[in-house]
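# Descriptive structure summary
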Amino acid sequence: MPSAAFMPETCSDADRRRRAIAHMNRGHAGLVDGFPDALDAAIVEYEQAIGLLADDAAERDASWRNSLAAAWLNRGQLLHRRHGIARATDALLSFDEAGRLLADLAGDTWPARNRIGALINRANLLLDLGRHSVARDAARTAVTIGRQREDADALDASLAVKARRTLCDAIGFLLVAPGVDARSLADEASEAVDEALELARRWEQRAPSIFRPLRGRLFRYGAELYRRHQPHFLAEFIRENSADPRPAGFAEVARENVVAALRVAPATPWLTVGDPASERFVATARELEMLRQELAAVSSQIGMIPSNHG
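Summarised in this report is the structure supplied together with it. Since the model is a prediction, treat every value here as computed from it, not as a measurement. (Residues numbered from 1 in each chain as written. Predicted model: local features only at pLDDT ≥ 70, side-chain atom pairs only at ≥ 80, totals over all residues. Heavy atoms only, no water.)

## Re the nonpolar core
Note the cut-off: What makes a nonpolar core is a set of buried Ala, Val, Leu, Ile, Met, Phe, Trp, Tyr and Cys residues whose side-chain atoms join them at distances within 4.5 Å. Think of it in three bands: residues with accessible area under 20% of the maximum for their type are buried, residues over 50% are exposed, and the middle band is partly exposed, with areas taken using a 1.4 Å probe on protein chains only. In this description, contact between two residues means that some pair of their heavy atoms is separated by no more than 4.5 Å.
In terms of nonpolar packing, the biggest core is built from 86 residues, with Val161, Phe211 and Ile238 touching the most fellow members. Residue contacts for Ile238: discarding those within four places in its chain leaves Phe219, Phe250, Ala254, Val258 and Leu291.

The structure is reproduced here in structure tokens:
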């Protein structure tokens, strides 16, 4: 529950709203500044805003409630950024309070964005806490909400991509846990990373500064995921993402994963004609070798990828 420092002062609703927004603006400036003292001051600014906004007016007025939820969201984000997991309980409370306030407002533009942001930030903190399954649940919800708006605006598309990136991160941790259904998890992760990259490609021409770093990180994740769990789809994945503008680090990531996949031995010490697993292994190896040669031929002109396996 909020401390006494959060309690609203006696003044008109209009004045409290104006003062709260001023606190939030100063808090945002501290967040952008990023230095420890500025982050500490920003946390206090958002707490002051919460104190001014947290009363019955938030239940009556949707815009007021969204502002209060945004203050809770940013307070939680700052606590995580400044203190890591040391104040995790307090940060999770902030994200949960933001989510509660926004639960029936998610159809509107900014409430929906703030709810997705709260869920993504909550999931990222849960990942730091090692609570990977719960983080996946939060990220899944963010993806579901984001999917409804991802074609509307570059900011909505960016949030939808980030939600899938967080979902991929959560599944990545789960994939290395003992006793899991790796096939099911890999299927879910591949769907998420493919959707994220396809969405980013569609929007990047209009907002490259938002999507290019995301595409680079997701491409690396996807290449490693397919190499380890679905190598028969690795070449297709790389080709789907080879068109300009390419993801950051495309050449190096593509080469590393193709070469690593070609080094993997078959599951059995011999290959049998007519055996589906053997034929799939041979077909995959042939396709990956063709892709390796294509990458080497292109890169030989720009000096980026060696033409051998070394």
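On we go.
## Side note on the side chain of Glu188
Using the following cut-off: For the purposes of this entry, the term helix denotes a DSSP run of H or I that reaches at least four residues, the term strand denotes a run of E that reaches at least two, and both are numbered from the N terminus. Polar contacts here mean pairs of N or O atoms no more than 3.5 Å apart (in protein, one a potential hydrogen donor and the other a potential acceptor; neighbouring residues in sequence count only if both atoms are side-chain atoms).
Assignment of secondary structure puts Glu188 in helix H9 (residues 182-204). Among the polar contacts made by the side chain of Glu188, one reaches the side chain of Arg136 at a distance of 3.3 Å. With residues up to four places along the chain from it excluded, the contact list for Glu188 reads Arg136, Arg140, Leu167 and Ile171.

## Quick look at the pattern of salt bridges
So the rule is basically this: Salt bridge, as used here, is a side-chain nitrogen of Lys or Arg placed within 4 Å of a carboxyl oxygen of Asp or Glu.
As enumerated under the stated definition, the model contains 32 salt bridges in all. In this structure, the salt-bridge partner of Arg82 is Asp40, at a minimum N-O distance of 2.9 Å. Taken together, the residues Arg82 in helix H4 (residues 62-83) and Asp40 in helix H2 (residues 36-53) connect sequence positions 42 residues apart. Under the relative-accessibility criterion, Asp40 is labelled partly exposed at 28%. A salt bridge links Arg149 to Asp156; the nearest nitrogen and oxygen atoms lie 3.6 Å apart. Connected through salt bridges with shared partners, the residues Asp13, Arg16, Asp55 and Arg60 form a single ionic network.

## A short note on the packing of helix H1 (residues 13-33) against H2
We count it as follows: Every axis corresponds to a line fitted to the C-alpha atoms, with the helix fit spanning only the stretch in contact, and the corresponding angles, defined between N-to-C directions, vary from 0 to 180 degrees. Oblique is the label for any angle not covered by the other classes, which are roughly parallel (under 35 degrees), roughly antiparallel (over 145) and roughly perpendicular (65 to 115). Should the near helix be turned anticlockwise from the far one by less than a right angle, the crossing is left-handed, and should it be turned clockwise, the crossing is right-handed. For this classification, Asp, Glu, Lys and Arg are treated as charged, while Ala, Val, Leu, Ile, Met, Phe, Trp, Tyr, Cys and Pro are nonpolar and the rest, including Gly, are polar.
In contact at an axis separation of 8 Å, H1 and H2 are set at 160° when each is read in the N-to-C sense. Put simply, H1 runs roughly antiparallel to H2. Considering the relative orientation of H1 and H2, their crossing is left-handed. Counted together, Arg16, Arg17, Arg19, Ala20, His23, Met24, Arg26, Gly27, His28, Gly30, Leu31 and Asp33 of H1 and Ala38, Leu39, Ala42, Glu45, Tyr46, Gln48, Ala49, Leu52 and Leu53 of H2 form the full contact between these two elements. Its residues assigned to classes, the contact of H1 with H2 comprises ten nonpolar, five polar and six charged.

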